[in-house]
Amino acid sequence: MANHISITVDDLREAVRNDHLVLHYQPEMTADGARMECVEALVRWQDPERGLIPPRLFIPLAEKSGLIGELGAWVIRRACREGAAWPGLMIAVNVSPFQFRDPGFVDFVRATADSAGLPFNRLEIEVTEGAYFDDVDRAQNELRRLRALGMSIALDDFGTGYASLTYLRRLPFTKIKIDKSFVDECQSVGAAAIIHAVVAMSRALGLKVTAEGVETVEQQRFLRAAGCHYLQGFLFSPAVPARDISAKLAALNAAGQV
Ligand code: C2E
Ligand code: CA
Ligand code: CA
């Protein structure tokens, strides 16, 4: 997909309202690669003329223009609905910091999961380090409410932002997702040391650890030995349409593995 494709807020608003968005799902596997634990919903814009447009080309615009509330609500509704059909699987949804500015956000998530029939303990909210942490008290309050409902909270892209250790102590995360940039470099002494330290810290805090962007068997071997609980990346699967997840689960069922 070309980088120079021009996108306007009006186009994007129309895409959201006309259901021209689609969710693909990328599995998070147990570190041995044997079992799918979770799927992360990743939005794409399916434009009739321009084809499948990746999120990096429109999420920033949605955030800048304020459309992210509506777009994010679409994502949560769709993910809860599709995810409800996959018993036993966690469904992770990326939530932009801006969505938390809406005081009705937590109630919306609760009501949406509820009406989709998705048990709260199968929903994971992924948040990134960033602007949202400016107001730690508010973040703490909102995230605690989600946790109290039984939902999980993942800290995404760990290591790329500026989350301080205080946030890790104060905010009720259940998982840390180590950013791909560390995984890419895990043959280097520096990145390996950081991964070991992050895993040790996470485990001491009682958090799960997922490593993102795993592409090679060597990376898997290292990350598994380092103690990561889950791995996600092209080595296992890219993000795929919902029907492919349903097919994977049906195949596992037929084989008596779930
Ligand atoms: P992310 O949440 O960090 O998602 C991981 C991105 O890395 C995905 O790109 C995924 O396809 C890609 N990826 C996964 N494994 C590998 C790998 O082994 N190698 C490589 N090279 N890449 C890998 P995608 O789907 O293009 O999403 C990009 C970003 O857009 C996401 O990064 C997330 O920040 C944002 N995003 C996607 N969907 C949503 C959404 O519904 N809401 C919000 N607010 N942001 C979203
Ligand atoms: Ca994510
Ligand atoms: Ca990430």
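What this report covers is the structure whose coordinates are included nearby.

What follows concerns unusual backbone geometry. One non-glycine residue, D19, lies in positive phi territory at about 65°. Summarising the element assignment, D19 is placed in the loop between α1 (9–17) and β1 (21–30). Overall, the relative accessible area of 43% leaves D19 in the partly exposed class.

As a further point, take the packing of aromatic side chains. The final tally for this structure, using the stated rule, is three aromatic pairs. Seen from their ring centres, Y25 and W86 are 4.9 Å apart, and the 90° between their planes marks the pair as edge-to-face. With a gap of 61 residues between them, Y25 in strand β1 and W86 in the loop between α3 (68–83) and β4 (90–94) connect regions that are remote in the sequence. For the pair formed by Y25 and W86, the shared burial category is buried. Here the aromatic rings of W45 and F58 are separated by 5.9 Å at their centres, their planes lie at 90°, and the arrangement is edge-to-face. Placement of W45 in strand β2 (residues 36–47) and of F58 in the loop between β3 (51–53) and α2 (59–65) is noted, with a sequence separation of 13 residues between them. Assigned by exposure class, W45 and F58 land together as buried. Lying over the aromatic face of W45, R50 brings its terminal NZ or CZ to 5.4 Å of the ring centre.

Next up on the list: the coordination of the calcium ion (ligand 3). The coordination sphere of the calcium ion (ligand 3) contains the protein donors D156 (OD), D157 (OD), E212 (OE) and E212 (OE), at a distance range of 2.2 to 2.5 Å. One chain supplies every donor for the calcium ion (ligand 3), spaced along it as D-D-x54-E. Taken as an interatomic distance, the gap from the calcium ion (ligand 3) to the calcium ion (ligand 2) is 3.9 Å; D156 donates to each of them. Residue D156 is located in strand β6 (residues 152–158), and its partner E212 is located in the loop between β8 (208–211) and α9 (217–226); the two are separated by 56 residues in the primary sequence. Like E212, D156 is buried.

Attention now goes to the site of ligand 1. Taken together, 19 residues form the shell around ligand 1, and within it Q26, E40, R44, E215 and F234 come nearest. D157 places a polar side-chain atom, nitrogen or oxygen, 3.2 Å from an oxygen atom of ligand 1. The side chain of E215 places a nitrogen or oxygen atom 2.5 Å from a nitrogen atom of ligand 1. For ligand 1, whose accessible area on its own is 800 Å², the fraction buried by protein is 77%. Of all elements in the fold, only β2 and β6 reach the threshold of two or more residues within the shell around ligand 1. With four residues, β2 is the largest single contributor of residues to the shell around ligand 1. Taken together, the residues of the shell around ligand 1 sort by class into seven nonpolar, five polar and seven charged.

Reading the values: the criteria
- Numbers given to residues run from 1 along each chain, matching the order in which its sequence is written.
- Each chain is given a letter, starting from A, and each ligand a number, starting from 1, according to the order in which they appear as written.
- Where totals are concerned, whole chains, interfaces and linings use all residues; where local detail is concerned, this predicted model gives features only for residues with pLDDT of at least 70, and gives and counts side-chain atom pairs only at 80 or more.
- Each side-chain value is worked out from all heavy atoms of the structure, with water and hydrogens disregarded.
- Working definition: helices are DSSP H or I runs of at least four residues, strands are E runs of at least two. Numbering for both runs from the N terminus.
- With a 1.4 Å probe rolled over the protein chains alone, any residue whose accessible area is under 20% of its type maximum counts as buried; one over 50% counts as exposed, and the rest are partly exposed.
- Ring pairs shown here join Phe, Tyr and Trp side chains whose ring centres sit within 6.5 Å, with only the six-membered ring taken for Trp; geometry is labelled stacked below 30 degrees between planes, edge-to-face above 60, and tilted in between.
- When the NZ atom of lysine or the CZ atom of arginine is within 6 Å of a ring's centre and also within 35 degrees of its normal, the charge is said to sit over that ring.
- Only nitrogen, oxygen and sulfur atoms qualify as donors, and only when within 2.8 Å of the metal (3.2 Å in the case of Na, K and Ca); with water excluded, sites may look incomplete.
- Proximity is defined per residue: if any heavy atom of the residue lies within 4 Å of a molecule or strand, that residue is considered near it.
- Counted as a polar contact is a pair of N or O atoms within 3.5 Å, where, for protein atoms, one must be capable of donating a hydrogen and the other of accepting one, and residues adjacent in sequence contribute only when both atoms are in side chains.
- The protein chains shown are the only cover counted for residues, whose accessible areas, like all others here, come from Shrake-Rupley with a 1.4 Å probe.
- Each residue receives one of three labels: charged for Asp, Glu, Lys and Arg, nonpolar for Ala, Val, Leu, Ile, Met, Phe, Trp, Tyr, Cys and Pro, and polar for the others, Gly being one of them.

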